[in-house]
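Chain by chain, the residues run as shown.
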Amino acid sequence: QVQLVESGGGLVQAGGSLRLSCVASVASSNLASMGWYRQTPGKQREVVASLSNTGWTNYADSVRGRFTISRDNAKNTVYLQMNSLKPEDTAVYYCYVIRRASTYWGQGTQVTVSS
């Protein structure tokens, strides 16, 4: 089992920035992949960004160039730096990790972007 604790969500004006953090209960160097997805009511879940243990990154087209995913293995933490936020970025953001072919999710953190 892997427990994930997210933080950093909140209310921000359009054009502003937020940084989300997700701390894993196991060494992140042992995780095949870490990432973030978001969910809004009535919309399909969207994988926002992912980062493999080899450093490969992938971003949704909707956030590429504005969001940056990174990890600090010394802190077992993955981050999502979100810049130039838009009202359409409003969602609950969930951290996920993949370990030994199993996926684990955090409890989610709300991000609200006002226009």
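Residues numbered from 1 in each chain as written. Predicted model: local features only at pLDDT ≥ 70, side-chain atom pairs only at ≥ 80, totals over all residues. Heavy atoms only, no water.

Undergrad: Account for the nonpolar core, naming residues and giving values.
TA: One finds Leu4, Trp36, Phe67, Ile69, Leu80, Met82 and Tyr93 to be the most contacted residues of the largest nonpolar core, which totals 30 residues. Beyond its immediate sequence surroundings of up to four residues, Met82 is in contact with Gly16, Ser17, Leu18, Leu20, Arg66, Phe67, Tyr93 and Val111. (Core = buried A, V, L, I, M, F, W, Y, C linked by side-chain atoms within 4.5 Å. Buried < 20%, exposed > 50% of the residue type's maximum accessible area, 1.4 Å probe, protein only. Contact = heavy atoms within 4.5 Å.)

Undergrad: An account of the pattern of salt bridges is needed here, citing residue identities and associated values.
TA: Inspection of every chain in the model, using the stated rule, returns four salt bridges. The closest approach of N and O atoms between Glu46 and Arg38, which form a salt bridge, is 2.8 Å. A salt bridge links Asp61 to Arg64, with the shortest nitrogen-to-oxygen separation between them at 2.5 Å. (Salt bridge = Lys/Arg side-chain N within 4 Å of Asp/Glu carboxyl O.)

Undergrad: Provide a residue-level description of the environment of Gln13, including the pertinent values.
TA: Position of Gln13 relative to the elements: it lies in strand β2 (residues 10-13). Along the primary structure Gln13 and Val23 are separated by 10 residues, whereas in three dimensions their C-alpha atoms are 26 Å apart. With residues near it in sequence (within four places) discarded, Gln13 still touches Val113 and Ser114. (Helix = DSSP H or I, 4+ residues; strand = E, 2+ residues; numbered from the N terminus.)

Undergrad: Let's hear about the packing of aromatic side chains: which residues, and what values?
TA: For the structure shown, the criterion picks out two aromatic pairs. With centroids separated by 5.1 Å and ring planes inclined at 15 degrees, the aromatic side chains of Tyr37 and Tyr94 adopt a geometry described as stacked. One end of the pair, Tyr37, is in strand β4 (residues 33-39); the other, Tyr94, is in strand β9 (residues 91-99), and 57 residues separate them in sequence. Between the aromatic rings of Tyr37 and Tyr96, the centroid separation amounts to 6.4 Å while the plane-to-plane angle is 45 degrees, which identifies the pairing as tilted. Of this pair, Tyr37 sits in strand β4 while Tyr96 sits in strand β9, placing them 59 residues apart in sequence. (Phe/Tyr/Trp six-rings, centres within 6.5 Å; stacked < 30°, edge-to-face > 60°.)

Undergrad: So what about the state of the cysteines? Which residues, and what values?
TA: Across all of its chains, the model carries one disulfide by this definition. The residue that forms a disulfide with Cys22 is Cys95, at a sulfur-sulfur distance of 2.1 Å. Disulfide Cys22-Cys95: torsion about the S-S bond near -75 degrees, hence left-handed. In this pair, Cys22 sits in strand β3 (residues 18-24) while Cys95 sits in strand β9, placing the two residues 73 residues apart along the sequence. On the accessibility criterion, Cys95 (0% relative accessible area) is buried. (Disulfide = S-S within 2.5 Å.)

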